[in-house]
Amino acid sequence: MGRRARLCCWRRRIPGCGIQIEPRIWVCYFLPLTIDTDKDTNVGTTKLTRKEILAEDPIHGSIIMLVEFFSKNKTTISILVAAAIIVAAGVYWGNLYLEGKEEKAQETLGRGIQFYHAEIDPDASDDPFGNGPVAKFKNDTLKYQAATVEFESIVSGLGHSGVAPIARYYLGLIHLKKGETDTAIENLERVSGNSKSRTLGQLARQLLARIHVESGNYEDARNVLQSMIKDPEVELPKEELRIQLSRILAVEGDNEAAVKVLQEGAAEGSSLSPLR
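Residues numbered from 1 in each chain as written. Predicted model: local features only at pLDDT ≥ 70, side-chain atom pairs only at ≥ 80, totals over all residues. Heavy atoms only, no water.

A. Spatial organisation of helix α8 (residues 218–230). Relative to the 18 Å expected for 13 residues at 1.5 Å per residue, α8 spans 18 Å between its end C-alpha atoms, a close match to the ideal helical length. If you check which residues of α8 are buried, you get Ala-221, Arg-222, Val-224, Leu-225, Met-228 and Ile-229. Looking straight down α8, one finds that the buried residues subtend no more than 165° of arc, so they occupy a single side. Buried residues along α8 sit in contact with α7 (198–214) and α9 (238–251). (Helix = DSSP H or I, 4+ residues; strand = E, 2+ residues; numbered from the N terminus. Expected span 1.5 Å × (residues − 1). Buried < 20%, exposed > 50% of the residue type's maximum accessible area, 1.4 Å probe, protein only. Arc of directions from axis to C-beta. Contact = heavy atoms within 4.5 Å.)

Right, dumping it as structure tokens:
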């Protein structure tokens, strides 16, 4: 033979040499194959092109194409990888930031609720927790002022928090206790339209109906209660809503409609069934 062939071969012998080969010839990767043989071997000169090597071994071909692709596009790929890392880092730290804000909002809400339900003690210190784990204030004014600060910090600075509707609901209660009906209604109406806190929204609507009744606005109270009774998604006890509506109708002098509302509730199988 002339030049030494770069082959891995076995089994079938090539005339003139002590090498056996399988019908398939495995080519050493990344090296051109050239075989020069003597005339009596009846084997001619063979040179495999890049295309033939790729066809012979698809896996090798894939490796070659990947190497070429990364070589030609290394700048673009570096930029894309860097961008992906920046985006991933942004999402990670953004989630941590939001989790931190939500945790802070929950702590603030808990403190506000404690202030709202705090005890009244004329001898209480300026520190609500100065006399123990239960919050105490000298009077209702100080109590509601402290609670308002906590709740307002949530709805203003942390308005997108999941607990913001609860804070606004308590603000409505505080304004109602202070006699600030218009402000109370404004807060409760915003809570009643919140789709993320369905039960809380329903409680706000029920409270709005009560406020309308106390202010003599029976029409608005009746409309709120009727809409809640007809709403299949309302989770509050319907019999309680019917009793409230029945009382309003009775005050308006429509006793027949008042009785009908209760009878309809009894027909639905509620606790008003004895009225059937």
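B. Up close: the packing of helix α4 (residues 140–157) against helix α5 (residues 164–177). Two elements in contact, α4 and α5, have axes whose closest approach is 9 Å; the angle formed by their N-to-C orientations is 145°. In the crossing of α4 with α5, the sense of the turn from one axis to the other is left-handed. Mapping the contact onto sequence places Tyr-144, Ala-147, Thr-148, Phe-151, Glu-152, Ile-154 and Val-155 in α4 and Ala-164, Ala-167, Arg-168, Tyr-170, Leu-171, Ile-174 and Lys-177 in α5. The class makeup of the residues in the contact of α4 with α5 is ten nonpolar, one polar and three charged. (Axes fitted to C-alpha atoms, helices over the stretch in contact; angles between N-to-C directions. Left-handed = near helix turned anticlockwise from the far one by under 90°. Nonpolar A, V, L, I, M, F, W, Y, C, P; charged D, E, K, R; others polar.)

C. Fine view of the nonpolar core. One finds Tyr-116, Phe-151, Tyr-169, Leu-188 and Leu-207 to be the most contacted residues of the largest nonpolar core, which totals 31 residues. Only α3 (74–116), α4, α5, α6 (181–192) and α7 provide two or more residues apiece to this core. Beyond its immediate stretch of four places on either side in the chain, Leu-207 contacts Tyr-169, Leu-173, Leu-176 and Leu-188. Formed by 14 residues, the second largest nonpolar core is a distinct cluster that contains Ala-209, Leu-241, Ile-248 and Leu-249. (Core = buried A, V, L, I, M, F, W, Y, C linked by side-chain atoms within 4.5 Å.)

D. Quick look at the confidence of the model for the protein. In this model, the protein carries a mean pLDDT of 75, and residues with pLDDT of at least 70 account for 59%. In the predicted structure, residues 92–98 sits below a pLDDT of 50 and forms zero contacts with residues beyond four places in sequence or in another chain. (pLDDT = per-residue confidence, 0-100.)

E. Highlighting the packing of aromatic side chains. Scanning the model with the defined rule gives six aromatic pairs in all. Between Phe-115 and Phe-129, the aromatic rings sit 5.9 Å apart at their centres with planes inclined by 35°, giving tilted as the arrangement. Of this pair, Phe-115 sits in helix α3 while Phe-129 sits in the loop between β7 (119–120) and β8 (136–137), placing them 14 residues apart in sequence. Exposure remark for Phe-115: the relative accessible area of 6% places this residue in the buried category. By relative accessible area, which is 29% here, Phe-129 ends up partly exposed. Aromatic pair Tyr-169 and Tyr-170: ring centres 6.3 Å apart, planes at 90°, arrangement edge-to-face. Among the aromatic residues, those joined into a ring-pair cluster are Tyr-116, Tyr-144, Phe-151, Tyr-169 and Tyr-170. (Phe/Tyr/Trp six-rings, centres within 6.5 Å; stacked < 30°, edge-to-face > 60°.)

F. Structural detail: a negative patch on the surface. Together, Asp-182, Glu-186, Glu-189, Glu-219 and Asp-220 make up a negatively charged patch on the protein surface. Taken together, the elements giving at least two residues each to the negative patch come down to α6 and α8. Here the negative patch gets three residues from one element, more than from any other, and that element is α6. On the secondary structure map, Glu-189 appears in helix α6. Overall, the relative accessible area of 45% leaves Glu-189 in the partly exposed class. (Patch = residues over 30% accessible without salt bridge, like charges linked within 9 Å, V, L, I, M, F, W, Y side chains within 5 Å. Areas by Shrake-Rupley, 256 points an atom, 1.4 Å probe, with all protein chains shown as cover. Salt bridge = Lys/Arg side-chain N within 4 Å of Asp/Glu carboxyl O. Lys, Arg positive; Asp, Glu negative; His and termini not counted. Charge placed at Lys NZ, Arg CZ, Asp CG, Glu CD.)

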